Amino acid sequence: MYKQYLDIHPEVQKALDENKAIVALESTIISHGMPYPQNVETAKKVEAIVREHGSVPATIAILKGRLKVGLTDQDLEYLGKGDDILKASRRDLPFIVAKELNGATTVASTMIIAALAGIKVFATGGIGGVHRGAQETFDISADLQELAHTNVAVICAGAKSILDIGLTLEYLETQGVPVVGFQTDELPAFYTRKSGFGVDYKADNELEVAKALKSKWDLNLNGGMVIANPIPKEYEMDFDTIHKAIEDALVEAKEKGIQGKESTPFLLSKVKDITKGKSLDSNIQLVYNNAKVGSRIAVELAKL
Ligand code: PSU
Ligand code: MN
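So, here's what we can say about the structure. Keep in mind that this is a model prediction, so the values were computed, not measured.

Time to look at the layout of surface pockets. Considered as a void within the structure, the largest pocket measures approximately 600 Å³ in volume. Lining the largest pocket are 34 residues, with K87, T106, S141, D143 and T264 positioned closest to its centre. Counting residues per element, the ones that place at least two in the lining of the largest pocket are helix 2 (28-31), helix 8 (142-149) and helix 12 (263-274). The greatest single-element share of the lining of the largest pocket, amounting to 3 residues, is contributed by helix 12. Here the lining of the largest pocket is built from residues that sort into 10 nonpolar, 15 polar and 9 charged. Here the second largest pocket is characterised by a volume of approximately 460 Å³. Lining the second largest pocket are 17 residues, with R132, G133, T137, K254 and I258 sitting closest to its centre. Secondary-structure elements contributing two or more residues to the lining of the second largest pocket are helix 7 (134-137), helix 11 (239-256) and helix 12. Ranked by residues supplied to the lining of the second largest pocket, first place goes to helix 11 with 4 residues. Taken together, the residues that form the lining of the second largest pocket break down as 6 nonpolar, 7 polar and 4 charged.

What counts, and where the lines are drawn
- Each chain has its residues counted from 1, following the order in which its sequence is written.
- The naming scheme follows written order: chains are lettered A onward, ligands numbered 1 onward.
- Whole-chain, interface and lining totals are the exception, using all residues; otherwise, since this is a predicted model, local features are given only for residues with pLDDT of at least 70 and side-chain atom pairs are given and counted only at 80 or more.
- Side-chain figures throughout are based on the complete set of non-hydrogen atoms in the structure, without hydrogens or water.
- Definitions used for this entry: grid spacing 1 Å over protein atoms alone; cavity, a set of points where a 1.4 Å probe fits but cannot get out; pocket, an open set with protein on both sides within 12 Å along at least 5 of 7 lines; lining residue, one with an atom within 4 Å of a point.
- Grid points are joined across faces, edges and corners, and a volume is the space filled by probe spheres set on the points.
- For the purposes of this entry, the term helix denotes a DSSP run of H or I that reaches at least four residues, the term strand denotes a run of E that reaches at least two, and both are numbered from the N terminus.
- Each residue gets one of three labels, nonpolar for Ala, Val, Leu, Ile, Met, Phe, Trp, Tyr, Cys and Pro, charged for Asp, Glu, Lys and Arg, and polar for the others, Gly among them.

Structure representation (structure tokens):
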């Protein structure tokens, strides 16, 4: 049934047929997470890095209601520039598809579409989580529920402190989602390598992650896994600088009454302005690093 909604790029379909390594990539980061033209340049380079490390990239988005798995450069350009691209999480999919609209997929909806296509590994920058103040606002990203249920591994750079990292970890524990540190005992905090929070397990290499994924899914333990890969040291931001920028951005969001799906894009863009673009440079580099590790994990998984 669902197949009639999917457009799988021939290169991705070939890789699926031959059981080759594939890495899914999201599009909210392109349309709502970074400014033009850096967003499109980054999206193209991420695909190139995935290839360099042995996997086929499959960037996911919804174009005129079609669930696209694998995009052309023109599609990427359109997602980066277009002004009619909705941020599409799980709850948005039915209407975007039925009304034949355009949607940039979040971590949650990218996982859904990747799973429909049969892709098991997905690399991105950061996942959504439990927002600070969620005790009152109830702002908890749908990404966490998706991780609880959908069988896709997500390689990210940890949780940034626009979120309540402690509550995000509690939520993931309750939902049975393993949080794995890639070559680290400490959960990275996106722009920085340290967060002050530990991970559940440390993986020393890609094969270890692949084996744990295979065990999880062989045992019918449905759901995803968070593989937290720290930003390379040379691109890390100063902890106090980024912390202050995030605090200021949060104050402004509150004053302006920003909420719901606008919250994450607003905070990312404010933090970028406050840091005079430095946070964007870090953001781009950590995504590249995740594309590399994600690609290598997919290669190992395809061999098991
Ligand atoms: N974190 C980033 N960049 C992003 C996002 C998160 O550093 O672009 C996007 C991802 O697509 C993620 C979404 O799934 O924001 C979470 O949004 P929300 O909190 O509204 O669920
Ligand atoms: Mn939210």
